[in-house]
Amino acid sequence: MADNLPPTSPSRHLDIAAVRFARPTAHYDAVLEFYRDCVGLPVLAAWRNHRGYDGMVFGLPGSSVQMELLQRTPPEDIPDPDPENQLVLYLGSGAALEVVAARLRAHGHTPVPAANPYWNEHGAVLFADPDGWMVVLAPWVFGE
């Protein structure tokens, strides 16, 4: 075992301080508008043509999780959209879901059907982002 890693056992988990996940985008300006202006996520950083990439980092309020979207300069093909490519935003209430859904509708986005009936059964609403990724707006917090 490496000296810099904590011992692991079924009762002990790695203590993570923060998480950032990244995925490619082919629609820089459109996804920036979608997540910043429609969904309402804060932009922690944004750049153009830095070592061949455009990118943006969104903070997820109240958590140590960040989402990074990257686009090569010039843009390359990204994987085809798939209904299983999902960003689930647990909003905590139906009122919060309605605020975000109303902003998305005001910007011309319409809800899309869920591939998995679980989301409909639990009151979630889905929208496709400009890359075709599913954004699930859930009116509860998972695990609570």
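These notes cover the structure that comes with them. Please read all numbers here as calculations on a predicted model, not as lab measurements. (Residues numbered from 1 in each chain as written. Predicted model: local features only at pLDDT ≥ 70, side-chain atom pairs only at ≥ 80, totals over all residues. Heavy atoms only, no water.)

**A closer look at the overall build of the protein chain**
Broken down by element type, the protein chain carries three helices and seven strands. When the helices and strands of the protein chain are listed from N to C terminus, the series reads β-α-β-β-β-β-α-α-β-β. By the burial criterion, 31% of the 144 residues in the protein chain qualify as buried. Taking the intrachain contacts of the protein chain between residues at least 6 apart in sequence as the baseline, contacts between residues at least 24 apart amount to 53%. (Helix = DSSP H or I, 4+ residues; strand = E, 2+ residues; numbered from the N terminus. Buried < 20%, exposed > 50% of the residue type's maximum accessible area, 1.4 Å probe, protein only. Contact = heavy atoms within 4.5 Å.)

**Focus: unusual backbone geometry**
Within the chain, Asn-49 stands out as a residue other than glycine whose phi angle is a positive 50°. Tracing the backbone through its elements, the reader meets Asn-49 in strand β2 (residues 43–50). Owing to a relative accessible area of 52%, Asn-49 belongs among the exposed residues under this scheme. Not every positive phi belongs to a glycine, and Arg-51 is a case in point at roughly 55°. Within the secondary structure, Arg-51 sits in the loop between β2 and β3 (53–59). Looking at Arg-51, the relative accessible area reads 76%, which means it is exposed.

**Regarding the packing of helix α1 (residues 28–39) against helix α2 (residues 94–106)**
Interhelical geometry of α1 versus α2 gives an angle of 130° and a closest axis separation of 9 Å. Accordingly, the angle class assigned to the pair α1 and α2 is oblique. Where α1 abuts α2, its residues Phe-34, Asp-37, Cys-38 and Val-39 lie against Val-100, Arg-103 and Leu-104. Partitioned by chemical class, the residues of the contact of α1 with α2 number five nonpolar, no polar and two charged. (Axes fitted to C-alpha atoms, helices over the stretch in contact; angles between N-to-C directions. Parallel < 35°, antiparallel > 145°, perpendicular 65-115°, else oblique. Nonpolar A, V, L, I, M, F, W, Y, C, P; charged D, E, K, R; others polar.)

**A word on the pairing of strand β4 (residues 65–72)**
Every other side chain in a regular strand lies on the same face of the sheet, so the side chains alternate between the two faces. Sheet topology places strand β1 (residues 19–24) next to β4; six bridges connect them, and they run parallel. Each bridged residue has a counterpart across the sheet, and for Arg-20 the counterpart in β4 is Gln-66. Bridge analysis of β3 against β4 gives seven bridges, and the strand direction is antiparallel. Pairing of Tyr-53 across the sheet is with Arg-72, part of β4. (Pairing = 2+ DSSP bridges.)

**Concerning α1**
Taking 1.5 Å of rise per residue, the twelve residues of α1 would be expected to cover 16 Å, and the 15 Å separating its terminal C-alpha atoms lies within 8% of that figure. Regarding α1, the residues found buried are Tyr-28, Val-31, Leu-32, Phe-34, Tyr-35, Cys-38 and Val-39. Gly-40 sits one or two positions beyond α1 and adopts a positive phi of about 95°. (Expected span 1.5 Å × (residues − 1).)

**Brief notes about the sheet that holds β2**
With respect to topology, four strands assemble into an open sheet ordered β1-β4-β3-β2, the strand pairing being mixed. Bordering the open sheet on either side are β1 and β2, each of which pairs with just one other strand. Each strand axis lies, on average, 15° off the axis of its neighbour in the sheet, ignoring direction. In the sheet, β2 pairs with β3 via five bridges, with the strands oriented antiparallel. In the strand pairing of β3, His-50 is matched with Tyr-53. In this fold α1 packs onto β1, β2, β3 and β4, with an angle of close to 5° to the strand it touches most, β3.

**Brief notes about the pairing of β3**
For β3, a buried count of six out of seven residues is recorded, marking the element as mostly surrounded by other parts of the structure. Linking β2 to β3, which pair antiparallel, is a turn of two residues; within it Arg-51 sits at a positive phi near 55°.

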